[in-house]
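A look at the structure
Listed below, chain by chain, are the residues.
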Amino acid sequence: MVGEARDPSGDTGPLDGVTVLDASRVLVGPFCTMQLGDLGADVIKIERPGVGDQTRTWVPPAFGEGEHAQSAYYTSVNRNKRSVVLNLASEEGRDVFRDLAREADIVVENFRVGKTAEWGLDYPDLVEENPGLIYCGISGYGEWGPDRDAPAYDIVMQAKGGLMSITGVEDGPPVRIGVALADIGAGMYATQAILAALLERELGDGTGQKVDVSLLDGQAAWMSYMAANYFASGDPPGRMGSKHPNIAPYQAYETRDDYVVVGCSADSFWPRLCDALDRADLLADERFEVNEKRVNNRDALDAELEAEFGAMTTEEAVETLTSHDVPASHVRDMAELFDDPQIEARDMRLEIDHPEVGTVEVPGSPMKFSRTPVTVRRHPPMLGEHTEDVLREYGYAEDDLADLAAADVIPEPVED
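Model, not experiment: these values are computed from the prediction.

Turning our attention to the pairing of strand β9 (residues 250–254). Bridging between β9 and strand β10 (residues 259–263) involves five bridges; their strand directions are antiparallel. Along β10, the bridge assignment pairs E254 with Y259.

Quick look at the structure:
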């Protein structure tokens, strides 16, 4: 397969024919490999004996009840995968992993830095028998540098990565972004890097390479214009609530009953906003005539707009602004978001049939293709659901499976 041109079938995605050996767990790695699975890859998820991926136990909430309940967290990032239970703490288990890696296009892992090398499962160990292998290691701080061995959790990475310094209200406490953006951001960078390496392999001589992605690097990169603002001014930006350091008005304003979010991201919106509020005097005020002046006179501007919106309900404010083509919205919760006809039209709310709990719902894929669409082909797998099937595909006979089970490498085979 390595180095050969792909010919996707059109119903399984652009990565049809690509095999991913997924030794990751929790969020950052599984989010990456779910995207690869959505794109058509065959993702083989390696899990520990017993509990498997830690997020299987992160309940409530869950789909279903009792012993068959499926963690909502786990379900959210593990569709389009096959689960294989494999004890990597044993040499026999590592031998099985090497057999699978010999045929894989991609390996993804997020163990502590150095752990796969200790096991003899790092890129230099596996590439000897699979020169086309693309090996992605995801960690908190990357594979070199003074902090490479430090533990990493999303809230710590949001703090260390600068995100919490700019999130929250002015003079208020730091606030964690409501989803684990350090993990998700690194998972997106990992997917992007893997796809680039895959393309380079296919266009080149078929040789793979190692990809190193860290949560801290991802956070630093995501600081983007906030970092550039600091580099240009020398002043680290602070917390501003929903305000934007470079644009005004661009924030949430309190109304009589809630908030309205206003986004005047271009000078062309300013006259429309003034017209919507019937405030010709604001349009004539030279302190506000262009964005730079509005930013420099933000306090005066906010005082005027806070009074206007404070006299309205949120519904009145949104209707008034949108009728004048000013970007605006109320702050929607999850129920409102996923009841949106636009979300439905874009297949962003998916129902997946699960053999034990019935229907589970998850967000869809934002990647849309005209010829090779993403697909949901598999439910989030139960622990070890595909262990025997996958190993049989890789040439393991019934006696081999029995020996591995006897050595506690895999679970006991299920009797038919």
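Our focus in this paragraph is empty space enclosed by the protein. If a probe as big as a water molecule is rolled over the atoms, it shows which places are left empty. Under the definition given, this model contains one cavity of 30 Å³ or more. For the largest cavity, the calculated volume is near 40 Å³. Along its surface, the largest cavity is lined by A23, L88, F97, V107, E109, F111, T116, W119, L121 and Y135. Elements that contribute at least two residues to the lining of the largest cavity include exactly β6 (106–109) and α4 (115–119). When the residues that make up the lining of the largest cavity are grouped by side-chain class, the tally is eight nonpolar, one polar and one charged.

Next up on the list: the pairing of strand β12 (residues 349–354). Side-chain alternation along β12 places L350, I352 and H354 on a buried face and R349, E351 and D353 on a face that remains uncovered. Taking the residues between adjacent antiparallel strands as the criterion, β12 and strand β13 (residues 358–363) are bridged by three residues.

Moving on: the environment of L301. Within the fold, L301 resides in helix α13 (residues 298–310). On the accessibility criterion, L301 (0% relative accessible area) is buried. Each C-alpha atom of the pair L301 and P249 lies 7.9 Å from the other, and the pair is 52 residues apart in sequence. If we skip the residues at most four places from it in the chain, L301 touches A248, P249, W270, F288 and R294.

Next up on the list: the sheet that holds strand β11 (residues 328–329). One key point about sheets: their strands pair by backbone hydrogen bonds, in either a parallel or an antiparallel sense. If you trace the three strands from one edge of the open sheet to the other, you get β9-β10-β11, paired in antiparallel fashion. Of all the strands in the sheet, the pair left with one neighbour each is β9 and β11. As paired elements, β10 and β11 share two bridges and run antiparallel to each other. By the bridge assignment for β11, V262 is matched with A328. α13 contacts β9 and β10 of the sheet and is inclined by roughly 45° relative to β9.

With respect to topology, six strands assemble into an open sheet ordered β5-β2-β1-β6-β7-β8, the strand pairing being parallel. This sheet does not close on itself; its edge strands, each paired only once, are β5 (81–85) and β8 (210–214). The sheet shows a mean angle of 20° between the axes of neighbouring strands, direction not considered. Two elements, strand β2 (residues 42–47) and β5, share five bridges in a ladder whose sense is parallel. Each bridged residue has a counterpart across the sheet, and for V43 the counterpart in β5 is K81.

What follows is about the layout of surface pockets. Here the second largest pocket defines a volume of roughly 380 Å³. Together, 19 residues line the second largest pocket, and L163, I166, T167, Y225 and M226 are the ones closest to its centre. With three residues, the single largest contributor to the lining of the second largest pocket is helix α9 (residues 224–233). A class-by-class count of the residues in the lining of the second largest pocket yields eleven nonpolar, seven polar and one charged.

Our focus in this paragraph is a negative patch on the surface. Together, E254, D257, D258, E306, E315, E316 and E319 make up a negatively charged patch on the protein surface. With three residues, the top contributor of residues to the negative patch is helix α14 (residues 314–323). When you line up the elements, D257 lands in the loop between β9 and β10. When its relative accessible area of 52% is taken as the criterion, D257 is described as exposed.

What follows covers the environment of L39. Tracing the backbone shows L39 in the loop between α1 (28–38) and β2. Overall, L39 belongs to the buried group, its relative accessible area being 4%. Distance from L39 to V175, taken between C-alpha atoms, is 34 Å for residues 136 residues apart in sequence. If we ignore the near neighbours within four places in the chain, the residues touching L39 are T12, G13, P14, L15, D16, L195, M367, F369 and V374.

Two packed helices can be described by the angle between their axes and the distance between those axes. At a minimum axis distance of 8 Å, the contact between helix α7 (residues 181–203) and helix α8 (residues 215–222) shows a crossing angle of 90°. In terms of their interaxial angle, α7 and α8 are classed as roughly perpendicular. Residue-level contacts link L181, A182, D183, G185, A186, M188 and Y189 of α7 to L215, G218, Q219, A221 and W222 of α8. Looking at the contact of α7 with α8 residue by residue, the class counts come to eight nonpolar, three polar and one charged.

A complete count under the given rule lists 31 salt bridges for this structure. Note that E129 is salt-bridged to R102, the shortest N-O span being 2.9 Å. Pair noted here: E129 is in the loop between α5 (123–127) and β7 (134–139) and R102 is in helix α3 (residues 91–103), with a separation of 27 residues, a long-range link. Between R287 and D285 there is a salt bridge; the shortest N-O distance is 2.7 Å. Classification of R287 by relative accessible area gives partly exposed; the value is 37%. Each of E91, R94, D95 and R98 takes part in salt bridges that share partners, so that together they form one network.

Let us now look at the side chain of R279. When you line up the elements, R279 lands in the loop between α10 (269–276) and α11 (280–284). Note on R279: relative accessible area 13%, which makes it buried. Setting aside anything within four residues of it in sequence, one finds R279 in contact with C274, E304 and E308.

Thresholds, definitions, all that
Residues numbered from 1 in each chain as written. Predicted model: local features only at pLDDT ≥ 70, side-chain atom pairs only at ≥ 80, totals over all residues. Heavy atoms only, no water. Pairing = 2+ DSSP bridges. Helix = DSSP H or I, 4+ residues; strand = E, 2+ residues; numbered from the N terminus. 1 Å grid on protein atoms, 1.4 Å probe; cavity = no way out; pocket = protein on both sides within 12 Å on 5 of 7 lines; lining within 4 Å. Points joined across faces, edges and corners; volume = space filled by probe spheres on them. Nonpolar A, V, L, I, M, F, W, Y, C, P; charged D, E, K, R; others polar. Buried < 20%, exposed > 50% of the residue type's maximum accessible area, 1.4 Å probe, protein only. Contact = heavy atoms within 4.5 Å. Axes fitted to C-alpha atoms, helices over the stretch in contact; angles between N-to-C directions. Patch = residues over 30% accessible without salt bridge, like charges linked within 9 Å, V, L, I, M, F, W, Y side chains within 5 Å. Areas by Shrake-Rupley, 256 points an atom, 1.4 Å probe, with all protein chains shown as cover. Salt bridge = Lys/Arg side-chain N within 4 Å of Asp/Glu carboxyl O. Lys, Arg positive; Asp, Glu negative; His and termini not counted. Charge placed at Lys NZ, Arg CZ, Asp CG, Glu CD. Parallel < 35°, antiparallel > 145°, perpendicular 65-115°, else oblique.

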